[in-house]
There are 2 protein chains.
Amino acid sequence: MKGYDSSLYEKMSVAVDLLVFTIEDDKLQLLMIEREEEPFAGMLALPGVFVGIDETLDEAVRRGIKEETGLEDIYFEQLYTFGDVDRDPRMRIISVAYMALVPVEKLAFRPGERVAGAWLVDVEDLLAGDEELAFDHKEIIDYARWRLANKVEYTDIAFHLVDEMFTLPELQRVYEILLGKKLYKANFRKKIAGMVEETEYMTTGDAHRPSRLYVMVEEDEE
Amino acid sequence: MKGYDSSLYEKMSVAVDLLVFTIEDDKLQLLMIEREEEPFAGMLALPGVFVGIDETLDEAVRRGIKEETGLEDIYFEQLYTFGDVDRDPRMRIISVAYMALVPVEKLAFRPGERVAGAWLVDVEDLLAGDEELAFDHKEIIDYARWRLANKVEYTDIAFHLVDEMFTLPELQRVYEILLGKKLYKANFRKKIAGMVEETEYMTTGDAHRPSRLYVMVEEDEE
């Protein structure tokens, strides 16, 4: 066929890469794995799975999250699709990156602990360090970090990093960690005023005096 | 191999679908094509191309935009990746949707005119009407419409729909069309104050009195 270019119709592999964020030790932490095989053996990488031919993207994400964390019901959203030709030296792989956010209380492990080959790493260390990461994963993490800081300003995404009930200082700390800056308490309280609701419960059992517990206001989606 | 499921490693087709938006007749318009072949023959669809095995996503987008509009240098950004299993009855196709925005002056044709099988359709008509569109394209357009309205609030995306030099009433009209509501002139002017810069030029040649022309302030990316 004149002008027919078969390279335009060749199929390729599609994967989902998972950015599972949590907060612990007052730091934003990301679930990472160490690659066992080439390419990039021994290097840190994002967990990910290939998308099955009979599987939606969301189903692949849920399968991957369950494999890595054992969890079945955590919040996730699509981040961006990365499709550079040489991002994997073996073959053409399109990667649809997803961010998942989970309060650390739900994870079965803590920073430094290794579970099923995965563990939590401080995101700022990952990005600031000289250590190379596998594939284009540093670029993906860099973009996700930027997007998180951005979305915290105009969405309720930060609420996925606290427990169902939380104190306002806890929520403020999550905002500060995502934004990378301190907030004035009065400004913060004004910002979230319409998004939270007092409960009848107070914190108990630690050295501080009891604090009021709040829940998120369920808003209708547009 | 025990537990090995080959359907998890089957390759698939990847396409980019293009949402080329412009404003004309005071309406948000989208470039659509009529499908010539099955499936969905005779129905309206978004233009799109398969991603070549040696082609990045951005390269595929540029190729598609050039095929449909003849233009080589218009603004585009990734919207979302759609990966439902049955979105194409023929085979599994992952679609990475991109939004492109272009001032109508740059397009070689006007609403109602057909060029290379493509023409402009009023987005509100597309979404409000009962007419079915090919594939999941109505869902994609609906999502893009929502995202545009959203992004106009906190980014400079609206500026891609006016010429390089524009009057403030022109820009306000673009904001109003994207937001779907009238804006108070004073509030609008305050909102865009830091984003525009006066030029020494005025509009000429129509029945109205001359208006000052403005340009966008080039901001450093974060």
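You'll find the structure just up there.
Please read all numbers here as calculations on a predicted model, not as lab measurements.

1. Remarks on the interface of chain A and chain B
Opposite the 32 residues of chain A that make contact, chain B presents 32 residues. Taken together, both faces of the contact between chain A and chain B bury some 3000 Å²; the carbon and sulfur share is 60%. Considering only the side of chain A, the residues that lose the most area to chain B are A:Lys11, A:Met12 and A:Ile53, jointly responsible for 22% of the buried surface there. Along the contact surface separating chain A from chain B lie 0 salt bridges. Taken together, chain A and chain B are joined by 13 residue pairs in polar contact (both at pLDDT 80 or more). Looking at the side of chain A that touches chain B, the elements that each hand over two or more residues are strand 1 (13-24), helix 1 (57-69), strand 5 (75-82), strand 6 (93-101) and helix 3 (137-154) of chain A. For the side of chain A that touches chain B, the leading source of residues is strand 5 of chain A, giving 4 residues. Taken together, the residues that form the side of chain A that touches chain B break down as 16 nonpolar, 8 polar and 8 charged.

2. Side note on helix 4 (residues 168-179) of chain A
All names here are of chain A. Taking 1.5 Å of rise per residue, the 12 residues of helix 4 would be expected to cover 16 Å, and the 16 Å separating its terminal C-alpha atoms lies within 8% of that figure. Leu-168, Leu-171, Gln-172, Val-174, Tyr-175, Glu-176, Ile-177, Leu-178 and Leu-179 are the residues of helix 4 that are buried. Of the residues trailing helix 4, Gly-180 is marked for its positive phi of about 70°.

3. Notes on the side chain of A:Arg92
Along the polypeptide, A:Arg92 turns up in the loop between strand 5 and strand 6. One buried charged side chain, A:Arg92, makes no salt bridge at all; its nearest oppositely charged neighbour is B:Asp54, positioned 6.4 Å away. Engagement of the side chain of A:Arg92 in a polar contact is seen with the backbone oxygen of A:Gly83, the distance being 2.7 Å. If we ignore the near neighbours within four places in the chain, the residues touching A:Arg92 are A:Met12, A:Ser13, A:Gly83, A:Asp84, A:Val85, B:Val51, B:Gly52, B:Ile53, B:Asp54, B:Glu55, B:Thr56 and B:Leu57.

What counts, and where the lines are drawn
- Residues numbered from 1 in each chain as written.
- Chains lettered and ligands numbered in written order.
- Predicted model: local features only at pLDDT ≥ 70, side-chain atom pairs only at ≥ 80, totals over all residues.
- Heavy atoms only, no water.
- Contact = heavy atoms within 4.5 Å.
- Buried area = accessible area lost by both parts, 1.4 Å probe.
- Salt bridge = Lys/Arg side-chain N within 4 Å of Asp/Glu carboxyl O.
- Polar contact = N/O pair within 3.5 Å; in protein donor to acceptor, adjacent residues only side chain to side chain.
- Helix = DSSP H or I, 4+ residues; strand = E, 2+ residues; numbered from the N terminus.
- Nonpolar A, V, L, I, M, F, W, Y, C, P; charged D, E, K, R; others polar.
- Expected span 1.5 Å × (residues − 1).
- Buried < 20%, exposed > 50% of the residue type's maximum accessible area, 1.4 Å probe, protein only.
- Lys, Arg positive; Asp, Glu negative; His and termini not counted.

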